Each structure stands twice: as C-alpha cells, then as structure tokens.
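Per-entry structural report
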Amino acid sequence: MFRRRKPDGEVDSREPEAPSEPEPAAEAPTPPRFDRPLFAGFDDEDPEAARADVEERLEHGLERTRGGFMSRLRGYLGTEGEGPSWDDVEETLIAGDVGAALAMDVVDAARRRRDPGGAEAAVRAELASLLVPREAGWEPRPAVAGGPAVVLIVGVNGTGKTTTIGKLAARYTAEGRTVLLAAADTFRAAAIDQLLIWAERAGVQVVSHAPGADPGAVVYDALDAAVARGADIVIADTAGRLHTKSNLMDELAKIRRVVDKRLPGAQPETLFVLDATTGQNGLQQAKAFHEAAGLTGVVLTKLDSTAKGGIVFAIEHDLGVPVRFVGVGEQAGDLLPFDPETFVAALFA
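My aim in this report is to walk through the structure given alongside it, one point at a time. Treat the numbers as computed from the prediction; the structure is a model and nothing was measured.

**A closer look at the pairing of strand β7 (residues 297–301)**
- Within β7, five of the five residues are buried, leaving the element largely enclosed by the surrounding structure.
- The two faces of β7 match: Gly-297, Val-299 and Thr-301 on one face and Val-298 and Leu-300 on the other face are all buried.
- Two strands pair when backbone bridges link them, and strand β6 (residues 269–275) and β7 are joined in this way by five bridges, in the parallel orientation. Looking across to β7, one finds that Leu-271 is bridged to Gly-297.
- Between the parallel elements β6 and β7, the chain passes through helix α10 (residues 279–293) in a crossover that is right-handed.

Set out below in structure tokens:
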C-alpha cells in the first residue's frame, strides 16, 4: 500500500492486493524546506560554488583522518633532505585500514616511481591509482522506458543503512525528483518506523506491509506504485543481513528477481552501506555481499568518526566497485557524492 506515517506509529496488517488497473496519478507531497547548507552540491545554477561546498564539507569531515593516519604517514615520508622511512610508511598504511598486502604493493610501487615531487607525491599517486575509473555525472537511471530507476540498499544492521536511505531521498527530492521508498526490511518493525520518519522529513512516500511480510512483495508493490504515479526513483530498504547467513543472502537474490519480473530488463543499482569505523571487517562483509548480490556501488558512512580513511582505497581496489557516497556528518546534506580527485586532495590538504 501507499501511505504516510500514522500518528500512533502502527502499520497496516493487511497485505494489499495487486491493483487490476494503474492507480490515477496523484500530486507528490510538498517537500519540507531545508536550509541551503544541508544540500551541498545541489545547486545547478552555480556548479562551481556547489563543488566548492562539497570540497569544503569533505575536507572538514576528514579532519580526524588527517590528524591521525595521514599525519603519521606524512611524517614518515620525510621532509626535504631526509629520506622516507618506508617500513614505517607501510605500517602506517596498514594501520590506516589500507590492508597489509595492498600497503606493501603501494610502498613497492612508490619506491620504484622516483617521482620528482618526492616520496609523498609518489605515495599520493599510487593511492590515487587504486580508485576505480567511473563515469562522470553518475546517477541512478531507469533502464526501462517509462519506469523508475531502482536502488537496492544492502548491508548489515548498525551501519547506518536506513539513515542513508533517508539522506538519499532528501538529496534526490531536493534535485526535483519524485522518490518512493520501499520498506522491505520487514524483519524489524523498528526499521519500518525509522524509514517512515525519514520519509516524512524528506517529503516522500513509502510502500510498506506488516512486519514479517515478504520483502519481495513489498518491492513488487512499490514498483507498481512507482509506475502508476510516474515516480523517478524507487529506493528499497532491505533487511540488515549478516553475511554468514546464506538463506538471507538468497532473499536478496529473490528481490532482484522480483525487480526483473515487474520491470523486465531493469538494471537496479545495488549499494552496500559500510561503516568506515569497522575497517577491514567491514570490507570482508562487502566482499560477501558482492559475491551474493553483485554490488554496483558502496556508501561509506561515519567517515568523519574515524582517524583512518584508508578503507576507501581497499574497498575500490579489492572489490573493483566505486564508492558512490561518503557520510561525513549527521545532517542530510552530509552524505556527499564521492569524487576520487577531491577525496585524495582532501586527505593530503
């Protein structure tokens, strides 16, 4: 069904029947007003100012990383007239969540590079080379004429998955798109309530069933509603599955089949939400999800809460999947589109 949050927080227990005819188009809800700083990067009229906003917000969000991992790294790379301490550089990269094998490769390549800018320039170039190429201006796009773009959000509980969905909804709504959320994390009633709260903040609508309902049915009904109402994007919350539970991973595969059944030929984006503070443990989770669900991108949350940051390089190198967004704060506008050049510049600022 298609609804907004109820005052008492209850959800309907009746599962909806598939409509025999498309529902008549309805006016989209008026989104709430947000202050301009919440939505850095949304200003199409002044793209240079928007980019400067994103760069400033990212640089501020990486203060802990620069003061921790990066400060030690630059110290060991040495000053003019002093040679770098390469063993210490390698250990610092490992401690910064780059990973042991990858840190060794970076140091070996940097030592061979003999960059005219010195050891720091060599390490910076090698780290930048680990980030995968990506198309300019990426955004979720519909693969079926007349259908919505579909984004599946996956990840384990506690990583900020539902909050990320709310922030994405706010971002796309601020860009003038019609967003519909699918509350397919039906295993936890609290997840449905949390999504409804974020939907209300962002001024978007939600399709949900009763707690414990079939997640695939929720997604199917959400796609039905999106087509009937001409929505631009459907963002589906999925259960916070532990990567060791194969049956729950199978549920993700089922949801993808449901998408293909309702929108044949659709190519949904599957974004994995990873908590930056979990480091290499989170990377192992991402690898398991990638094998099971075929990730198309990563959303890295809580990047402002860690003094590390090397996990970004490990993610993109090991998975071959781009980081699409990074979270550097609690506000909706603190979920920033990830740009490799801007990120590396902010780290070495």
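**As for the packing of aromatic side chains**
- Under the criterion given, the structure shown has four aromatic pairs.
- Taking the centre distance of 5.0 Å and the plane angle of 50 degrees together, the rings of Phe-272 and Phe-289 count as tilted. Of this pair, Phe-272 sits in strand β6 while Phe-289 sits in helix α10, and the two are 17 residues apart along the sequence.
- Considering the side-chain rings of Phe-338 and Phe-343, the 5.2 Å spacing of their centres and the 50 degrees angle between planes classify their relative orientation as tilted.
- The exposure class of Phe-338 is buried, given its relative accessible area of 8%.
- Phe-343 gets classed as buried once you look at its relative accessible area, which sits at 0%.
- An aromatic cluster is present here, built from Phe-313, Phe-338 and Phe-343 joined pairwise through their rings.
- Seen from the ring of Trp-198, Arg-201 lies directly overhead, with NZ or CZ sitting 4.9 Å from the centre.

The rules we used
- The numbers attached to residues start from 1 for each chain and follow its sequence in the written order.
- This being a predicted model, a pLDDT of at least 70 is required before a residue's local features are given, and a value of 80 or more before pairs of side-chain atoms are given or counted; all residues contribute to the totals for chains, interfaces and linings.
- Only hydrogens and water are removed before side-chain values are computed, so all heavy atoms of the structure are retained for them.
- Using a 1.4 Å probe on the protein chains alone, a residue whose accessible area is under 20% of its type maximum counts as buried, one over 50% counts as exposed, and one in between counts as partly exposed.
- Secondary structure elements are defined from DSSP: runs of H or I of at least 4 residues count as helices, runs of E of at least 2 residues count as strands, and each element is numbered from the N terminus.
- Following DSSP output, two strands are said to pair if at least two bridges run between them.
- Orienting the strands away from the viewer, one traces the path from the first strand over the helix to the second; a clockwise path indicates a right-handed crossover.
- Think of it this way: a Phe, Tyr or Trp ring, Trp meaning its six-membered ring, pairs with another when their centres are within 6.5 Å, and the plane angle makes it stacked under 30 degrees, edge-to-face over 60, tilted otherwise.
- Ring-over charges, as used throughout, are those where CZ of Arg or NZ of Lys falls within 6 Å of the ring centre and within 35 degrees of the ring normal.

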